[in-house]
Amino acid sequence: MISVESKKFKKSLIIGILVVTTALIVGLSIGLALTQNSINNNFSKANQLLTKFPLIDGHNDIPSMVRKNFKNQFKLFDFNDLTKIKDKLLGTNGVTHTDIMRLHKGKLGGQFWAAYASCESLAKDATRIHLEQLDMMKRLINKFPDIMKYADNSIDLVKAFNEGKIASLIGLESGHAIDSSLAILRMFYALGVRYMTLTHNCNVPWATNNLVDRLSNASAYGGLTQFGRKVISEMNRLGMMVDLSHVSHQTMLDALEESKAPVIFSHSSVYALCNHTRNVRDDVLLKLKENNGIIMINLYNGFIKPNNEIPTMDDIIGILENFHKKFF
C-alpha cells in the first residue's frame, strides 16, 4: 500500500521536474533566440560592410582549373553553378569553391584571377600557357558583363564595385612566365597583369622558392640575384605589385629590401602558428609592416594548422587575432 505521504512526495517530485524542465526549455529557447539574434546581427553588420567596402580576394585558381578540366572551352561547363559537376572535376586542380552563384552569395567586391603554369613548363612553354590563361579569363569576364567587370587600376575597381559588379583583375602566379625577360614582363603589364608572384614551388634563374627552406643548407641557395632585383625595380616602375607568396624566406627579405612600393602576399599565412614554408615568418611580417604591404591569409588546409588538419572557424579567428595583436 502506498501511503498518503508517499503520494504527496511523488506529486511534488513530478511538479518539481515539470517546473525544472519548463525552466530549461524556456532558458534554452531564450538562449537560442539570443544566439540567433546575435548571429543575425553579425550577418547584418557584415552585409553592411561588404555593401559599403569592396572585399577583394587576392588569388583564385579558376584559370588553371578551367584549363585542366575543360581545355578553356566554355561550352563544356556552366560557370553559373559548378556544384552540379563538382564530382567530375579532376584531382586537386579541379577543386573549386568559385562560381557566379557563390561569388554573389559571398558578396565579393573584387577578384584577382591567377594565371598559372606548372613548374614543368619552366624554360619551355610557360609564356604561351600564361598568355592562354589571360585570354581565357578576359573571355570569361566578357561572357558575364552584368556580373563581372574587367579592371586594371583602382579607379576602375571602385567603379565596378559601385555598379554592383565584381571587379576582375589578373595576376601571374609564377615568375617563370616572363622567361627571365624584362621585355616580356612589360608586355604582360600591357596586357593587364597587375601582380606577379616571383616564383611558384620551383626556383627561377633569378629567385629561390619556399621549398629550399626545407633544406638544412637553405642559406646556401640565396634569394634574389642582381637580375631579380632589376625585376623588382621594373615592377615598381610599371606599377605591377610584387607578390611574395611561394618564394623563399631570403627572397622575401631581399624583395622587401629592394622594393620601393608596398608588396603583397596574395595567399600565405603565419609561420609562427603553422610552420609551413609557404607561410610568413615574424621577421618578414615586421618588415612588411614597415613596407606598408599586406598579407592575405590563406585558409587552405595545411596553412592554418599543421599536418593538413582541417581548421575550425575558431582556428581562423585565432590566426587573425594573433596577427593583429603582434603587428598592430
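Higher on the page you've got the structure.
These lines cover the structure that appears in this document, whether it is placed above or below. (Residues numbered from 1 in each chain as written. Predicted model: local features only at pLDDT ≥ 70, side-chain atom pairs only at ≥ 80, totals over all residues. Heavy atoms only, no water.)

## A closer look at the overall build of the protein chain
Moving on, step 1. Helices and strands together make up the secondary structure of the protein chain, namely 10 helices and 8 strands.
Moving on, step 2. Burial analysis of the protein chain (328 residues in total) assigns 43% to the buried set.
Moving on, step 3. Total accessible area on the protein chain stands at roughly 18000 Å², and carbon and sulfur atoms take up 59% of it. (Helix = DSSP H or I, 4+ residues; strand = E, 2+ residues; numbered from the N terminus. Buried < 20%, exposed > 50% of the residue type's maximum accessible area, 1.4 Å probe, protein only. Areas by Shrake-Rupley, 256 points an atom, 1.4 Å probe, with all protein chains shown as cover.)

## Things to note about empty space enclosed by the protein
Moving on, step 1. Per the stated rule, a full pass over the model turns up 1 cavity of 30 Å³ or more.
Moving on, step 2. Each pocket or cavity is described by its volume, and for the largest cavity that value is around 30 Å³.
Moving on, step 3. If you go around the largest cavity, the residues you meet are D213, H249, M252, Y271, T277, N279 and R281.
Moving on, step 4. For the lining of the largest cavity, the per-class residue count stands at 2 nonpolar, 3 polar and 2 charged. (1 Å grid on protein atoms, 1.4 Å probe; cavity = no way out; pocket = protein on both sides within 12 Å on 5 of 7 lines; lining within 4 Å. Points joined across faces, edges and corners; volume = space filled by probe spheres on them. Nonpolar A, V, L, I, M, F, W, Y, C, P; charged D, E, K, R; others polar.)

## Some thoughts on the nonpolar core
Moving on, step 1. Among the nonpolar cores identified, the biggest contains 58 residues, and F79, M196, L198 and L244 are the most heavily contacted of them.
Moving on, step 2. Among the elements that make up this core, the one with the highest residue count is helix 4 (residues 126-143) (5 residues).
Moving on, step 3. Leaving out residues up to four positions away in the same chain, L244 has contacts with L198, M252, A255, L256, V263, I264 and F265.
Moving on, step 4. Residues F112, A160, L169 and I264 belong to the second largest nonpolar core, which totals 9 residues. (Core = buried A, V, L, I, M, F, W, Y, C linked by side-chain atoms within 4.5 Å. Contact = heavy atoms within 4.5 Å.)

## So, the packing of helix 2 (residues 62-70) against helix 4
The relative placement of two packed helices comes down to the angle between their axes together with the axis-to-axis distance.
Moving on, step 1. Interhelical geometry of helix 2 versus helix 4 gives an angle of 100° and a closest axis separation of 10 Å. Comparing their axes, helix 4 and helix 2 come out roughly perpendicular. Residues I62, P63, S64, V66 and R67 of helix 2 lie in contact with helix 4, whose contacting residues are R128, I129, E132, Q133, M136, M137 and L140.
Moving on, step 2. Broken down by class, the residue content of the contact of helix 2 with helix 4 amounts to 7 nonpolar, 2 polar and 3 charged. (Axes fitted to C-alpha atoms, helices over the stretch in contact; angles between N-to-C directions. Parallel < 35°, antiparallel > 145°, perpendicular 65-115°, else oblique.)

## Things to note about the packing of helix 6 (residues 182-190) against helix 7 (residues 226-238)
Moving on, step 1. Between helix 6 and helix 7, the least distance of the axes is 11 Å, while the angle of their chain directions is 25°. In terms of their interaxial angle, helix 6 and helix 7 are classed as roughly parallel. At the point where helix 6 passes helix 7, the crossing takes the right-handed sense. The segment helix 6 lies against helix 7, with L182, L185, R186 and Y189 engaging F227, K230, V231, E234, M235, R237 and L238.
Moving on, step 2. Classifying every residue of the contact of helix 6 with helix 7 by side-chain character gives 7 nonpolar, no polar and 4 charged. (Left-handed = near helix turned anticlockwise from the far one by under 90°.)

## Focus on the packing of aromatic side chains
Moving on, step 1. One pass over the structure, following the stated rule, counts 6 aromatic pairs.
Moving on, step 2. Residues F112 and Y195 carry aromatic rings whose centres are separated by 5.1 Å and whose planes lie at 50° to one another, so their mutual orientation is tilted. Of this pair, F112 sits in strand 2 (residues 110-115) while Y195 sits in strand 5 (residues 193-197), placing them 83 residues apart in sequence. Across the pair, Y195 and F112 agree in class, each one buried.
Moving on, step 3. Here the aromatic rings of Y300 and F303 are separated by 6.4 Å at their centres, their planes lie at 50°, and the arrangement is tilted.
Moving on, step 4. The class for F303 is buried, based on a relative accessible area of 9%.
Moving on, step 5. The rings of F70, F74 and F77 are connected pair by pair, giving a single aromatic cluster.
Moving on, step 6. Positioned over the ring face of F74 is R139, at 4.6 Å from the centre of the ring. (Phe/Tyr/Trp six-rings, centres within 6.5 Å; stacked < 30°, edge-to-face > 60°. Lys NZ or Arg CZ within 6 Å of the ring centre and 35° of its normal.)

## Considerations on the pairing of strand 4 (residues 166-172)
Moving on, step 1. Counting buried residues in strand 4 gives 7 out of 7 residues, a clear majority hidden from the surface.
Moving on, step 2. Across the two faces of strand 4 the burial is the same, with I166, S168, I170 and L172 and A167, L169 and G171 all buried.
Moving on, step 3. Summarising the sheet, strand 2 and strand 4 pair through 6 bridges and their orientation is parallel. Of the residues in strand 4, the one forming a bridge with A115 is L172.
Moving on, step 4. Note: strand 3 (residues 148-150) against strand 4, 3 bridges, orientation parallel. The residue bridging M148 from the neighbouring strand is I166, located in strand 4. (Pairing = 2+ DSSP bridges.)

## With respect to the pattern of salt bridges
Where charged atoms from two side chains of opposite charge come close, those side chains can pair.
Moving on, step 1. According to the stated counting rule, one finds 15 salt bridges in the structure shown.
Moving on, step 2. Residues K165 and E163 are paired through a salt bridge, measuring 3.8 Å at the closest nitrogen-oxygen approach.
Moving on, step 3. One salt bridge connects E234 with R237, and the closest N-O pair in it is separated by 2.8 Å. Linking E234 with R237, this pair stays in helix 7, spanning 3 residues, or about one helical turn. (Salt bridge = Lys/Arg side-chain N within 4 Å of Asp/Glu carboxyl O.)

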